[in-house]
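Read off the chains here:
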Amino acid sequence: MGWETGWWNDLKEGGRMSDMFSKKSLAVGVDIGGTHIKLGLINEQGEVIDHYSVNLLRDETKIADIALISQEVANFIEKRNVRNQLAGVGVACPGILDTTLGVVKFAVNLGWNELPLVEMMQERLKLPVRLECDATAGAIGEWRYGAGMDQSGFLYVCLGTGVGASLVVDHHIYHGDLGPAINIGHTSVIPDGKPCKCGNRGCLEKYVSASAITDRVRMELDTANTILSKWVQSRALDSLLVYEAAQQGDLYSKEVFQEAGELLGVSLVNCLQLFGVGNIIIGGGFSQSGDLLLEATRKTVRARFPSDDVMKVNIKQASFPTTAGMLGAAANIFQ
Ligand SMILES: [Zn+2]
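Q: Any chance you could explain the overall build of the chain here in plain terms?
A: What the chain contains, in helices and strands, is 11 helices and 13 strands. Over its C-alpha trace the chain gives a radius of gyration of 21 Å, about what one expects of a compact globule, namely 20 Å for 335 residues. Expressed along its principal axes, the backbone C-alpha trace of the chain runs to roughly 75 × 55 × 40 Å. For the chain, the proportion of its 335 residues judged to be buried stands at 48%. Of the contacts made within the chain by residues no fewer than 6 positions apart, 60% connect residues no fewer than 24 positions apart.

Right, dumping it as structure tokens:
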């Protein structure tokens with residue numbers, strides 16, 4: 001319902017002007033990442049009224065500090081003077097969660113174990129708080145406002161520090177009984193590949209993420225024929241530098257992205273075989289490498305998916321590569 005319609009309805013029902021300003025028409029979306037936190041003030045239409053990003057706050061033992069994070073959210077709300085218009089605070093978080101109880105059961109990158117996040121934040125903020133898995137929040141953000149709008153089903157893959165995914169089937173988010181589902185970042189694409197902290201080897205996220213690209217290039221820099229050998233004398237090596245080199249025609253850097261894209265394709269073919277969902281949305285910060293990565297992904301899927309239906313497979317970039325989690329966390333509040 002728009003503002004104009006709301007006015008008339010309220011007047012008809014005997015509402016007062018002051019009621020209009022007490023409507024809970026906004027939510028705060030909080031996306032807790034491994035290195036920083038994004039906060040957004042968002043309305044029901046998914047418009048970001050204001051946003052803010054801050055480094056992840058950790059205590060002296062390097063554990064992400066929920067008290068400091070809550071304080072940051074409180075400051076964000078008070079400075080904008082919107083408390084009376086807030087329906088609540090949606091939080092997207094990595095790791096294994098019990099979203100019903102509002103508990104982070106285990107988040108290795110944050111150092112959290114059985115953390116009652118919702119209870120702690122509600123106590124500090126005095127507002128309803130809802131917790132969601134980061135990849136699921138990203139899928140909801142794209143579903144409500146972006147590349148997944150009006151779709152009954154799609155696979156959302158988030159390429160960030162790691163690799164997450166979420167599946168929308170028949171207008172519902174798929175949840176597993178045992179906890180995290182569609183955890184493709186820790187499915188193996190190379191049986192004897194790099195060891196992963198999860199205990200498996202050759203996990204997808206060891207090859208297709210910003211940190212994976214940087215690690216690979218760092219290891220090969222001494223022997224590879226690349227402009228990066230010269231560039232790193234004056235600039236820090238990261239995946240953006242490799243991207244820039246590839247854009248300027250550096251063959252080695254192009255190959256690094258291409259090989260990562262191929263492995264993503266291998267993983268997506270497995271997903272196609274398992275779920276039969278042809279709409280695939282690729283999000284997360286690293287997805288902004290675009291066709292440099294995804295052309296190889298599409299080519300691999302076409303070559304490896306043995307069905308005429310391969311022509312119906314649509315792999316596209318997300319509408320909100322860096323903010324879908326924040327948007328989806330806020331959208332949860334309006335449901
Ligand atoms: Zn793993």
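Q: Can you walk me through the domain arrangement of the chain in this structure?
A: One frequent convention defines the size of an interface as the accessible area lost when the parts assemble. Segmentation of the chain into domains returns domain 1 (3–140 + 324–334) and domain 2 (150–317). Between the C-alpha centres of domain 1 and domain 2 the distance comes to 29 Å. Listed as interface residues are 9 residues of domain 1 and, on the opposing side, 8 residues of domain 2. Summing both partners gives a buried area of about 710 Å² for domain 1 against domain 2, and 74% of it is carried by carbon and sulfur. Area buried by domain 1 at its contact with domain 2 is led by Ala 135, Thr 136 and Ala 139, which between them contribute 51% of it. There are 0 salt bridges connecting domain 1 and domain 2.

Q: Explanation requested: the pattern of salt bridges in the structure shown.
A: Think of it this way: side chains of opposite charge can pair up when their charged atoms draw near. Applying the stated rule across the entire model yields 10 salt bridges. In this structure, the salt-bridge partner of Glu 205 is Lys 197, at a minimum N-O distance of 3.7 Å. Judged by its relative accessible area of 13%, Glu 205 is buried. Between Glu 220 and Arg 216 there is a salt bridge, with its nearest N and O atoms 3.1 Å apart. Taken as a pair, Glu 220 and Arg 216 lie in helix α6 (residues 210–220) at a separation of 4 residues, close to a single helical turn. Look at Glu 220 and you get partly exposed, because its relative accessible area is 27%.

Q: How should the coordination of the zinc ion be read in this particular structure?
A: By definition of the ideal shapes, a tetrahedral metal site with four donors has angles of 109.5 degrees and an octahedral site with six donors has angles of 90 or 180 degrees. Taken together, the protein ligands of the zinc ion are His 186 (ND1), Cys 196 (SG), Cys 198 (SG) and Cys 203 (SG), with distances of 2.0 to 2.3 Å. Taken together, the 4 donor atoms surrounding the zinc ion define angles of 103 to 121° at the centre, an arrangement classified as tetrahedral. When the donor residues of the zinc ion are listed from N- to C-terminus, their spacing reads H-x9-C-x1-C-x4-C. Here His 186 is found in the loop between β11 (172–173) and α6, whereas its partner Cys 203 is found in the loop between β11 and α6, with 17 residues between them in sequence. Classification of His 186 by relative accessible area gives partly exposed; the value is 22%. Overall, Cys 203 belongs to the buried group, its relative accessible area being 0%.

Q: Could you clarify how one ought to interpret the sheet that holds strand β7 (residues 112–115) in this entry?
A: Strands in a sheet are paired, the pairing made by backbone hydrogen bonds, and the direction either parallel or antiparallel. An order of β5-β6-β7 is seen for the 3 strands of this open sheet, with the pairing classed as antiparallel. Looking at the sheet topology across the chains shown, the edges are occupied by β5 (96–98) and β7. Ignoring which end each strand starts from, the neighbouring axes of this sheet average 15° apart. Where β5 meets strand β6 (residues 103–107), 3 bridges bridge the pair, whose relative direction is antiparallel. Bridge assignment links Asp 98 to a residue of β6, and that residue is Val 103.

Q: Quick question: what am I supposed to make of a nonpolar patch on the surface here?
A: Together, Ile 96, Phe 106 and Val 108 line one region of the surface with nonpolar side chains, adding up to about 240 Å² of accessible area. The residue Val 108 is located in the loop between β6 and β7 in this model.

Q: Just checking my understanding: could you explain the environment of Lys 197 for this structure?
A: Looking at where Lys 197 falls in the secondary structure, it is placed in the loop between β11 and α6. Taking the C-alpha atoms as reference points, Lys 197 and His 186, 11 residues apart in sequence, are found 9.5 Å from one another.

Q: Explanation requested: the packing of aromatic side chains in the structure shown.
A: To describe a pair of aromatic rings, one takes the distance between the centres and the angle between the planes. Tallying each qualifying case throughout the model produces 3 aromatic pairs. The structure contains a cluster of three or more aromatic residues connected by ring pairs, namely Tyr 243, Phe 257 and Phe 286. Looking at Arg 235, its charged tip hangs above the ring of Trp 231, at a distance of 5.6 Å from the centre.

Q: It is not clear to me how the pairing of strand β3 (residues 48–55) should be interpreted in this structure. Could you clarify?
A: In the case of a regular strand, side chains alternate between the two sheet surfaces. Sheet topology note: the strand β2 (residues 36–43)/β3 ladder contains 7 bridges and is antiparallel. Note that in β3 the partner of Gly 40 across the bridge is His 51. In sequence, β2 turns back onto β3 through a hairpin of 4 residues, with Gly 46 there showing a positive phi of about 80°.

Q: What's the story with the side chain of Asp 65 in this structure? I'm lost.
A: Looking at where Asp 65 falls in the secondary structure, it is placed in the loop between β3 and α3 (66–80). Buried and unpaired, Asp 65 has Arg 124 as its nearest opposite-charge partner, separated by 10 Å. A distance of 2.9 Å separates a polar side-chain atom of Asp 65 from the backbone nitrogen of Ala 67. Excluding residues that lie within four positions of it along the chain, Asp 65 makes contacts with Leu 57, Arg 58 and Asp 59.

What counts, and at which threshold
- Residues numbered from 1 in each chain as written.
- Predicted model: local features only at pLDDT ≥ 70, side-chain atom pairs only at ≥ 80, totals over all residues.
- Heavy atoms only, no water.
- Helix = DSSP H or I, 4+ residues; strand = E, 2+ residues; numbered from the N terminus.
- Rg over C-alpha atoms; globule rule 2.2 N^0.38 Å.
- Buried < 20%, exposed > 50% of the residue type's maximum accessible area, 1.4 Å probe, protein only.
- Contact = heavy atoms within 4.5 Å.
- Domains from an automatic or database assignment.
- Buried area = accessible area lost by both parts, 1.4 Å probe.
- Salt bridge = Lys/Arg side-chain N within 4 Å of Asp/Glu carboxyl O.
- Donors = N, O, S within 2.8 Å, 3.2 Å for Na, K, Ca; no water.
- Tetrahedral: all angles 85-135°; square planar, octahedral: opposite > 155°, others 65-115°.
- Pairing = 2+ DSSP bridges.
- Axes fitted to C-alpha atoms, helices over the stretch in contact; angles between N-to-C directions.
- Patch = residues over 30% accessible without salt bridge, like charges linked within 9 Å, V, L, I, M, F, W, Y side chains within 5 Å.
- Areas by Shrake-Rupley, 256 points an atom, 1.4 Å probe, with all protein chains shown as cover.
- Phe/Tyr/Trp six-rings, centres within 6.5 Å; stacked < 30°, edge-to-face > 60°.
- Lys NZ or Arg CZ within 6 Å of the ring centre and 35° of its normal.
- Lys, Arg positive; Asp, Glu negative; His and termini not counted.
- Polar contact = N/O pair within 3.5 Å; in protein donor to acceptor, adjacent residues only side chain to side chain.

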